[in-house]
Amino acid sequence: MKLFYNVEDKPPVGAAILLALQHMLAAMGAIIAVPLVVGSAIGLPTDQMVILVNAALMVSGVVTIIQCKGVGPVGIRLPVVMGTSFTFVAISISIGLDAGVSGIFGASLVGSLVMIIGSRFMPQIRKLFPPVVSGTVVVLIGLTILPVSVDWFAGGFVGQEGYGQVSNLMLGLLVLVVVIVLSQVGKGIISAAAIVIGMAVGYIVAIFMGIVDFSPVRDAEFFALPKVIPFGLSFTVSGIIGMSIAYLVTIMESTGDFLALSDATHTKLTGKKLSRGILCDGIGSALASVFGATPFSSFSQNVGIVSITGVASRHVVAVTGVIMLLAGMFPKLGGIVVTIPSPVLGGAGLVMFAMIISAGIGILSRINFTKRNMLIIAVGVASGMAVTVRPEILTHLPDSMRVILGSGITTGSLVALVLNIGMGINRADEAESAQEKREALKEQIKECEACDRALEEEENLARQQAEPDRS
């Protein structure tokens, strides 16, 4: 897809803020949700939960800026939004119930060394991701997070009161239609800001429907500063091992996000860039541990925003980081985002997450569809979706294996990697598939030439009609 702004483009300040808002709106809910889930599960009082949320927002902003702008060897310098990761929720709750909240941050701090040290080996790991593997991983990213947007669309989560009500579905559908129409027929900034405009329309309608609760804004503090090591640090061997395993999973997931983003932004993801991105993940998670936030990773939904809007400017997403930093320092700003009803998020989320699937299909379209490659794709996607839709399949495995294989992205990626390495390439099949692709390309060229001729005829006709009007 043609980009509206390239990676190095710097839009005007007003446009940059507007475009940055849609990244922030897409990420804010998830950033806030992780500390709330962990804090409530281990029984933290409200004042300590507020510390977790504010720290998550502020550190997310700082790490997003570093990831986008880069500081020396740190930061991938692509439009990446960073935030608290759901991968660490289960292990954080387990450690918190056993060793207290200080145990969570002690294990997070030590475990972050896994990513920091692992980043040095990313140039070698990058070679293990040819298009047949990277395309499979990107498709899985979209497929595994799509159910989240479906639940938002329906009004929350399965079993929640009002889930699936017609009013929720119609509100989500309104946002979805606005986003699609503006991104397709809108021009310039209107098309680029389709998501934030669609969500604004849905939010206004939701206010008139009476389903917007403004109490989070009223109850939030006006100003808050982060505290260094607010809960203390303690260290347990079991906690560090569990957290380190979760960091290994995050390396795989972040690699998939960076692969998808490089495709969406039309940039080449070198091993050096990947190393910088993973290093920023690790350092960001260490920083989060010091200020009282759970570990970080890149956000997949923001890859979908780049895909649908064509705004690939890393400077725009750096502005998103500034907004999140301000939202952490001024909690009332963050409170406004919390008031956005789930169906509004779902309407925009549905198309964002689905665009990630489309990006994966685009990567796969470049390969030769031999029997070998199709098996890698089929078994990789099937394995990832198996643990996503039926996580109970892992019930009787050891805890460490459940942590690793519990992520559909990680499971599918590992299966695709192993199959790609283990299955030999059949040169005859590759040659036959390449020939078929050449024939198909010839037909596409003919269609393009026909389109060019039709367009030229339309332009000539328009000029002929304009000439009498001038006379």
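Computed from a prediction, not measured in an experiment: that's the story for all the values here.

Caption draft 1: Looking closely at the overall build of the protein chain. A count of helical and extended segments in the protein chain gives 20 helices and 2 strands. Its C-alpha atoms give the protein chain a radius of gyration of 23 Å, near enough to 23 Å, the size a compact globule of 471 residues would have. With the C-alpha coordinates aligned to their principal axes, the bounding extent of the protein chain is approximately 80 × 60 × 45 Å. Residues classed as buried in the protein chain amount to 51% of the 471 residues present. Intrachain contacts of the protein chain at a sequence separation of at least 6 include 84% that bridge at least 24 residues. Of the roughly 21100 Å² that the protein chain leaves accessible, carbon and sulfur atoms contribute 66%. Side chains of the protein chain carry 29 positive and 30 negative charges; the gap between the two charge centres is 9 Å.

Caption draft 2: Just the nonpolar core, in detail. If you look at the biggest cluster of nonpolar residues, it comprises 118 residues, and the most contacted ones within it are Ile 104, Ile 195, Met 199, Met 243 and Ile 340. Looking at this core element by element, the count peaks at 13 residues for helix 1 (residues 13–41). With residues near it in sequence (within four places) discarded, Met 199 still touches Leu 25, Val 175, Ile 340, Val 344, Leu 345 and Ala 348.

Caption draft 3: Just the pattern of salt bridges, in detail. The full count for this structure, using the stated rule, is 2 salt bridges. Arg 366 is paired through a salt bridge with Asp 263; the nearest N and O atoms lie 2.2 Å apart. Here Asp 263 lies in helix 11 (residues 237–264) and Arg 366 lies in the loop between helix 16 (342–364) and helix 17 (371–389), a separation of 103 residues in the sequence. For Arg 366, a relative accessible area of 55% puts it in the exposed group. Residue class for Asp 263 comes out buried when judged on its relative accessible area of 16%.

Caption draft 4: Structural context of unusual backbone geometry. Positive phi, normally seen in glycine, also occurs at Arg 77, with a value near 65°. Along the chain, the position of Arg 77 falls in the loop between helix 2 (46–69) and strand 1 (82–84). Here the phi dihedral of His 266 falls at roughly 60°; this positive angle occurs in a residue that is not glycine. Structurally, the position occupied by His 266 is in the loop between helix 11 and helix 12 (271–291).

Caption draft 5: Fine view of the packing of aromatic side chains. All chains considered together, the criterion is met by 6 aromatic pairs. Taken together, a centroid distance of 4.7 Å and an interplanar angle of 75° make the contact between Phe 4 and Tyr 5 edge-to-face. Their ring planes at 45° and their centres at 6.2 Å tell us that Trp 152 and Phe 353 sit as a pair that is tilted. With Trp 152 in helix 6 (residues 131–154) and Phe 353 in helix 16, this pair connects stretches of sequence that are 201 residues apart. For the residue pair Trp 152 and Phe 353, the accessibility class agrees, reading buried in each case. Among the aromatic side chains, those forming a connected cluster through ring pairs are Phe 222, Phe 223 and Phe 330.

Caption draft 6: Spatial organisation of the packing of helix 1 against helix 15 (residues 331–338). Packing of helix 1 against helix 15 leaves a shortest axis separation of 9 Å and a crossing angle of 100°. Taken together, the axes of helix 1 and helix 15 lie roughly perpendicular to each other. Residues Met 24, Leu 25, Met 28 and Ile 32 of helix 1 touch helix 15, and the partners they reach there are Gly 334, Val 337 and Val 338.

Caption draft 7: Summary view of helix 19 (residues 408–422). Here helix 19 contains 15 residues, and its C-alpha end-to-end distance of 21 Å stays within 8% of the 21 Å for a straight helix at 1.5 Å per residue. For helix 19, the set of buried residues is Gly 408, Ile 409, Thr 410, Thr 411, Gly 412, Ser 413, Ala 416, Leu 417 and Asn 420. Contacts made by the buried residues of helix 19 are with helix 6, helix 11, helix 17 and helix 18 (399–405).

Caption draft 8: Region of interest: the environment of Arg 276. Summarising the element assignment, Arg 276 is placed in helix 12. For Arg 276, a relative accessible area of 23% translates into the label partly exposed. Filtering out sequence-adjacent residues up to four positions away, Arg 276 remains in contact with Gln 67, Gly 72, Pro 73, Val 74, Gly 75, Ile 76 and Arg 77.

Caption draft 9: Representation of the environment of Leu 3 within the structure. Mapped onto the elements of the fold, Leu 3 is located in the segment before helix 1. On a C-alpha basis, the gap between Leu 3 and Gly 349 in space is 20 Å, while along the polypeptide they are 346 residues apart. Setting aside residues no more than four positions away along its own chain, Leu 3 makes contact with Ala 264, Thr 265, His 266, Gly 310 and Ala 312.

Caption draft 10: Looking closely at a negative patch on the surface. The grouping of Glu 449, Asp 452, Glu 456, Glu 457, Glu 458 and Glu 459 at the surface amounts to a negative patch. Looking at Asp 452, the relative accessible area reads 52%, which means it is exposed.

Caption draft 11: Inspection of the environment of Val 303 at higher detail. With respect to the helices and strands, the residue Val 303 is situated in helix 13 (residues 301–309). With 50 residues separating them along the chain, Val 303 and Phe 353 place their C-alpha atoms 8.4 Å apart. Residue contacts for Val 303: discarding those within four places in its chain leaves Asp 257, Ala 260, Leu 261 and Ile 356.

Conventions we followed
Residues numbered from 1 in each chain as written. Predicted model: local features only at pLDDT ≥ 70, side-chain atom pairs only at ≥ 80, totals over all residues. Heavy atoms only, no water. Helix = DSSP H or I, 4+ residues; strand = E, 2+ residues; numbered from the N terminus. Rg over C-alpha atoms; globule rule 2.2 N^0.38 Å. Buried < 20%, exposed > 50% of the residue type's maximum accessible area, 1.4 Å probe, protein only. Contact = heavy atoms within 4.5 Å. Areas by Shrake-Rupley, 256 points an atom, 1.4 Å probe, with all protein chains shown as cover. Lys, Arg positive; Asp, Glu negative; His and termini not counted. Charge placed at Lys NZ, Arg CZ, Asp CG, Glu CD. Core = buried A, V, L, I, M, F, W, Y, C linked by side-chain atoms within 4.5 Å. Salt bridge = Lys/Arg side-chain N within 4 Å of Asp/Glu carboxyl O. Phe/Tyr/Trp six-rings, centres within 6.5 Å; stacked < 30°, edge-to-face > 60°. Axes fitted to C-alpha atoms, helices over the stretch in contact; angles between N-to-C directions. Parallel < 35°, antiparallel > 145°, perpendicular 65-115°, else oblique. Expected span 1.5 Å × (residues − 1). Patch = residues over 30% accessible without salt bridge, like charges linked within 9 Å, V, L, I, M, F, W, Y side chains within 5 Å.

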